[in-house]
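Single-letter residue listing:
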Amino acid sequence: MKKFLLIFCFCFALSSNCGFSQIKSGEKLIYAASYNMSGLMTQLAQVTMETETVKTAKYTFLHLSCSAATFSKWDSFFKIRDLYESYVNPKTLNPSIYKRNIFEGGFTKIEKYIFKSDGRTIASTSKRKNSPENNTTFNVTNGAQDIVSLIYKLRTVDFQNYKNGQTKSFQLVFDEKEIPVVIKYMGKETISVGNLGNKECYKLSIGARTKVLKGKDQNIIWMTADIKKIPALIKFSIPVGTGQLKLSNASGI
């Protein structure tokens, strides 16, 4: 499921010229995660993305969460229960806190990032199963995003003036590393968008300096060509096969 979420994030690294947030509290997006098994696209898991307002004594955050779970019939094969969270400024969507708590086939990891006010420093705490807690501080490019906040922030981008073949490069922070991401705009297509019906969508090709993705123009995302820019469908190619994430239900948008 780490691969699913990395791919999910690569698909949204589209522009550094983000405007203010169009994301509302109370939004819920549900995706079916499928993998090509013996020539058949088989649904293995559900990915759910939700937003809510969280208030502390000093701050108001927009809490962004992304959970992933295999369907029960696949748990005996490879059980996944992952939760990724980001607490962001409701207007700019810049992250303050990032949390990751994963269980993948017996492998566990708990991770937390604190984004410092300078925009270039992250204090990280992580712990794996049967290992001591690790605390470190590392530097990143100013404006780098965690995997969850990037997905939402980049939905605020205006693609109306993009031209076919236009590319952009950006930085994602994951596993205490920065991953360069390059996208290519490929025009528009009309596709099915879950319970929202058929909609015109932006079509984008994703490339990244990582071994997770494979092939040229084989990793594609479709996002609704409207102010919401709902991610509708992702098709990906990785070294061990192909798969997709498909929107099944959207509410609170």
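About the thresholds
- Residue numbers restart at each chain and count upward from 1, following the sequence in its written direction.
- Two thresholds apply to this predicted model, a pLDDT of at least 70 for residue-level local features and 80 or more for giving and counting side-chain atom pairs, whereas whole-chain, interface and lining totals are computed over all residues.
- Hydrogen atoms and water are omitted, and side-chain values are computed over all heavy atoms in the structure.
- Put simply, DSSP H or I for four residues or longer makes a helix, DSSP E for two residues or longer makes a strand, and each gets a number counted from the N terminus.
- Note on exposure labels: buried denotes an accessible area under 20% of the residue type's maximum, exposed denotes more than 50%, and partly exposed covers the range between, all computed with a 1.4 Å probe on protein chains only.
- When checking whether two residues touch, look at their non-hydrogen atoms; a contact exists if any pair is within 4.5 Å.
- Exposure was quantified through the Shrake-Rupley algorithm and a 1.4 Å probe, taking into account, for residues, occlusion by the shown protein chains and nothing else.
- Nine residue types can take part in a nonpolar core, namely buried Ala, Val, Leu, Ile, Met, Phe, Trp, Tyr and Cys, and a core is a set of them joined through side-chain atoms within 4.5 Å.
- We call Phe, Tyr and Trp rings a pair once their centres come within 6.5 Å, taking the six-membered ring for Trp, and we label the pair stacked below 30 degrees between planes, edge-to-face above 60, and tilted otherwise.
- Salt bridges, as used here, are contacts in which a Lys or Arg side-chain nitrogen is within 4 Å of a carboxyl oxygen on Asp or Glu.

> Got a minute to help me understand the overall build of the chain in this structure?
When helices and strands are counted, the chain shows three helices and 14 strands. Taking all 253 residues of the chain together, the buried fraction comes to 47%. Long-range pairs, those at least 24 residues apart, make up 50% of the contacts in the chain with a sequence separation of at least 6. About 12,200 Å² of surface is accessible on the chain, with carbon and sulfur atoms providing 49% of the total.

> How should I be thinking about unusual backbone geometry in this particular structure?
Only a minority of non-glycine residues have a phi that is not negative, and only a minority of peptide bonds are not trans. With phi around 55 degrees, Asp-175 is a residue other than glycine that occupies positive phi space. Among the secondary structure elements, Asp-175 is positioned in the loop between β9 (167-174) and β10 (177-192). Residue classification places Asp-175 among the partly exposed positions, given a relative accessible area of 23%. Positive phi outside glycine occurs at Glu-176, with the angle close to 60 degrees. When you line up the elements, Glu-176 lands in the loop between β9 and β10. On the basis of relative accessible area, Glu-176 is assigned to the partly exposed category, the value being 28%.

> What should I look at first to understand the nonpolar core in this one?
In globular proteins that are soluble, nonpolar side chains generally tend to be buried together. Membership of the largest hydrophobic core comes to 55 residues, with the highest contact counts inside it found for Tyr-84 and Tyr-98. Tyr-35, Leu-44, Trp-74 and Phe-236 belong to the second largest nonpolar core, which has five residues in total.

> What's the story with the environment of Arg-128 in this structure? I'm lost.
Structurally, Arg-128 is set in strand β7 (residues 121-128). Residues Arg-128 and Ile-102, 26 residues apart in the sequence, show an inter-C-alpha distance of 9.6 Å. Filtering out sequence-adjacent residues up to four positions away, Arg-128 remains in contact with Phe-107, Thr-108 and Lys-109.

> So what exactly am I meant to see when it comes to the packing of aromatic side chains here?
Working definition: an aromatic ring pair is given by the centre-to-centre distance plus the angle between the planes. With the rule as written, the count across this model stands at nine aromatic pairs. Here Trp-74 and Phe-77 contribute two aromatic rings whose centre-to-centre distance is 6.3 Å and whose plane-to-plane angle is 70 degrees, an arrangement assigned as edge-to-face. With centroids separated by 6.2 Å and ring planes inclined at 55 degrees, the aromatic side chains of Tyr-185 and Tyr-202 adopt a geometry described as tilted. On the criterion of sequence distance, the pair formed by Tyr-185 in strand β10 and Tyr-202 in strand β11 (residues 198-208) is long-range, its members being 17 residues apart. Here Tyr-185 falls in the buried class, since its relative accessible area comes to 6%. The exposure class assigned to Tyr-202 is buried, which follows from its relative accessible area of 1%. Connected via pairs of aromatic rings, a cluster forms that spans Tyr-98, Tyr-113, Phe-115 and Phe-138.

> Sorry, what's going on with the pattern of salt bridges here?
Opposite charge on two side chains makes pairing possible when the charged atoms of those side chains draw close. Overall, the coordinates contain eight salt bridges when judged by the stated rule. As a salt-bridge pair, Glu-27 and Arg-155 come within 2.7 Å of each other at their nearest N and O atoms. With a gap of 128 residues between them, Glu-27 in the loop between α1 (2-10) and β1 (28-37) and Arg-155 in the loop between α3 (147-153) and β9 connect regions that are remote in the sequence. Pair check on accessibility: Glu-27 and Arg-155 agree, each one buried. In this structure, Arg-100 and Glu-111 form a salt bridge, with 3.2 Å as the shortest nitrogen-oxygen distance. Of this pair, Arg-100 sits in strand β5 (residues 95-104) while Glu-111 sits in strand β6 (residues 107-115), and the two are eleven residues apart along the sequence. Each of Arg-100, Lys-109, Glu-111 and Asp-175 takes part in one network of salt bridges that share partners.

> Would you take a moment to explain the environment of Ala-232 for this structure?
For Ala-232, the location among the structural elements is in strand β13 (residues 231-238). Since its relative accessible area comes to 1%, Ala-232 is described here as buried. C-alpha of Ala-232 to C-alpha of Ile-221: the two residues are eleven residues apart in sequence and 7.6 Å apart in space. Setting aside anything within four residues of it in sequence, one finds Ala-232 in contact with Ile-191, Val-193, Cys-201, Trp-222, Met-223, Leu-245, Lys-246 and Leu-247.

Everything listed here is a matter of coordinates, which is why it stays silent on function.
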